[in-house]
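# Structural features, examined
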Amino acid sequence: MTKPLAGIRIIDFTHVQAGPACTQLLAWFGADVIKVERPGAGDVTRSQLRDIPDVDALYFTMLNSNKRSITLDTKKPDGKAVLEKLIKGSDVLVENFGPGALDRMGFTWERIQELNPKMIVASVKGFSDGHHYEDLKVYENVAQCAGGAASTTGWWKGEGAGPMISAAALGDTNTGMHLAIGILTAIIGRQQTGKGQKVACSMQDAVLNLCRVKMRDQQRLEKVGYLEEYPQYPHEMEAFADKVTPRGGNAGGGGQPGWILKCKGWETDPNAYIYFTVQGHAWEPICDALGKPEWKTDPAYTTAKARQPHIDEIFATIEDFIKDKTKFEAVDIFRKYDIPCAPVLSMYELLRDESLRKSGSIVEVDHPARGKYWTIGSPIKFSDLKPEVTASPLLGQHTDEILAELGYDGDKIATFHAVGVV
Ligand code: CAO
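None of these values were measured; they are calculated from a predicted model.

## What to know about the site of the ligand
Near the ligand you find 23 residues, and of these Gly98, Arg104, Lys137, Val138 and Asp172 are the closest. Lys137 places a polar side-chain atom, nitrogen or oxygen, 2.5 Å from an oxygen atom of the ligand. Within the side chain of Asp172, a nitrogen or oxygen atom sits 2.8 Å from an oxygen atom of the ligand. If the ligand stood free it would expose 950 Å²; the protein chains cover 84% of that surface. With respect to the detected pockets, the ligand is housed in the second largest pocket. Tallied by class, residues from the shell around the ligand come to ten nonpolar, six polar and seven charged.

## Let's talk about the pattern of salt bridges
Note on pairing: side chains with opposite charge can pair once their charged atoms come close. Considering all chains together, one arrives at 27 salt bridges under this definition. Among the salt bridges present, the one from Asp32 reaches Arg9, with a minimum N-O distance of 3.4 Å. Taken together, the residues span a long stretch of sequence, with Asp32 in strand E2 (residues 32-37) and Arg9 in strand E1 (residues 9-13) at a distance of 23 residues. With a relative accessible area of 18%, Arg9 lands in the buried category. Where Asp43 meets Lys35, a salt bridge forms, and the shortest distance between an N and an O atom there is 2.8 Å. The same class applies to Asp43 as to Lys35, namely buried. Salt bridges here are not isolated pairs; linked through shared partners, they connect Arg9, Asp32, Arg68, Glu401 and Glu405.

## Let's talk about the packing of aromatic side chains
Taken as a whole and judged by the stated rule, the model has twelve aromatic pairs. Summarising the aromatic geometry, the rings of Tyr408 and Phe416 are spaced 5.2 Å apart at their centres and angled 70° between planes, so their arrangement reads as edge-to-face. Across the pair, exposure class does not vary: Tyr408 and Phe416 are buried alike. An aromatic cluster of three or more residues is present, and its members are Trp155, Trp156, Trp259 and Phe315. We note Lys325 situated over the ring of Phe321; from NZ or CZ to the ring centre the distance is 4.3 Å. Just above the ring of Tyr348 sits the side chain of Arg352; from NZ or CZ to the centre is 3.6 Å.

Conventions we followed
Residues numbered from 1 in each chain as written. Predicted model: local features only at pLDDT ≥ 70, side-chain atom pairs only at ≥ 80, totals over all residues. Heavy atoms only, no water. Near = heavy atom within 4 Å. Polar contact = N/O pair within 3.5 Å; in protein donor to acceptor, adjacent residues only side chain to side chain. Areas by Shrake-Rupley, 256 points an atom, 1.4 Å probe, with all protein chains shown as cover. 1 Å grid on protein atoms, 1.4 Å probe; cavity = no way out; pocket = protein on both sides within 12 Å on 5 of 7 lines; lining within 4 Å. Sits in = over half its atoms within 2 Å of the grid points. Nonpolar A, V, L, I, M, F, W, Y, C, P; charged D, E, K, R; others polar. Salt bridge = Lys/Arg side-chain N within 4 Å of Asp/Glu carboxyl O. Helix = DSSP H or I, 4+ residues; strand = E, 2+ residues; numbered from the N terminus. Buried < 20%, exposed > 50% of the residue type's maximum accessible area, 1.4 Å probe, protein only. Phe/Tyr/Trp six-rings, centres within 6.5 Å; stacked < 30°, edge-to-face > 60°. Lys NZ or Arg CZ within 6 Å of the ring centre and 35° of its normal.

And the structure:
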């Protein structure tokens, strides 16, 4: 089966997570992704948080599958010449260096266009071009703070109150996914114009794009003075006094209140919980499931607004109902009533989840140095493409092969090795 992106050659000048996640996705779908790394060192994640001495860390292997690796010192003249050849024969260059690094290397947008007018240059930066913070270097949590996620996540009172970082890579992988959409759009655009273009995605913008409902809430709050679906309403109206969207703990982001509820064993198991959503039109089934038929007709409970002052009591009733049931038993009961809910799943459980393994969302890969390991496969499923995840490349594994493809002979390749260009 020909993969849809076969024939697209990508220079993968990325490191850490945001850029590699983007190019890995494109490699799964068939692009020839050539990872360009500094000789001797490579992507810093190769050696970060290692679980096996001297073997590429999972941090690297889980973000760089299906790629080829060439080592190249792009600050040396010969290295620059090799990169120029690569640029002439490629479709896309993806990079996520600190601001200005590519220009300092001599590969400005103008220079790249001279070399290959069809080239698409895709970048991740912390902030967008022209932003008053454009010079800042940025990692995941910095982006979560700058993009609105941290100020709207977490607890608004009590111990642990304050801005909170999500474990999900909203700044890194999320930005990489946005960039992948930008690259594919530019490829389609090039089919119409014959020209490449610059594609940029800032981590702040990518986080903000996921905080759309919080920006919605900010504007509602400024207009109405309170947010009726937040846990603070109506008991703690002072939380809305400064007209700044407050943190909502585990509340749902839409018009359906929800919360994380304790199940059997929560005292000792940190993940013995379910998320339960009080979906408006599932109210009657919820009453049936809980054995509370009287709530179906009591005007204090029949609408979402009427229920909000009783929401703590409703959640307490559900918790009482599930206190002798495991999270899986609780979900098995509620699913019969079509109630949106799920168990809180730990990484231990997800790694062993048979459904995820069957669908290819969790896959086992054989690596030449580390042996077998598990990684997360494509979250996007197709009817005519089954992305196959292969091992990440060893540092410089394909250097000679790629140099030969570019037309260098054995002697020249040996010289490059001898003088440390590769
Ligand atoms: N040969 C020679 N030099 C190379 C090279 C190669 N193959 N590959 C990279 N380099 C050089 C670059 O030219 C640059 O040198 P100068 O700064 O002297 O011009 C340097 O290596 C890389 O610099 P950097 O700023 O990218 O690296 P850093 O470790 O200081 O910062 C990071 C890391 C992530 C903070 C920064 O790259 C950044 O802000 N990136 C943009 C945002 C981003 O993607 N962040 C998310 C990372 S995932 O958490």
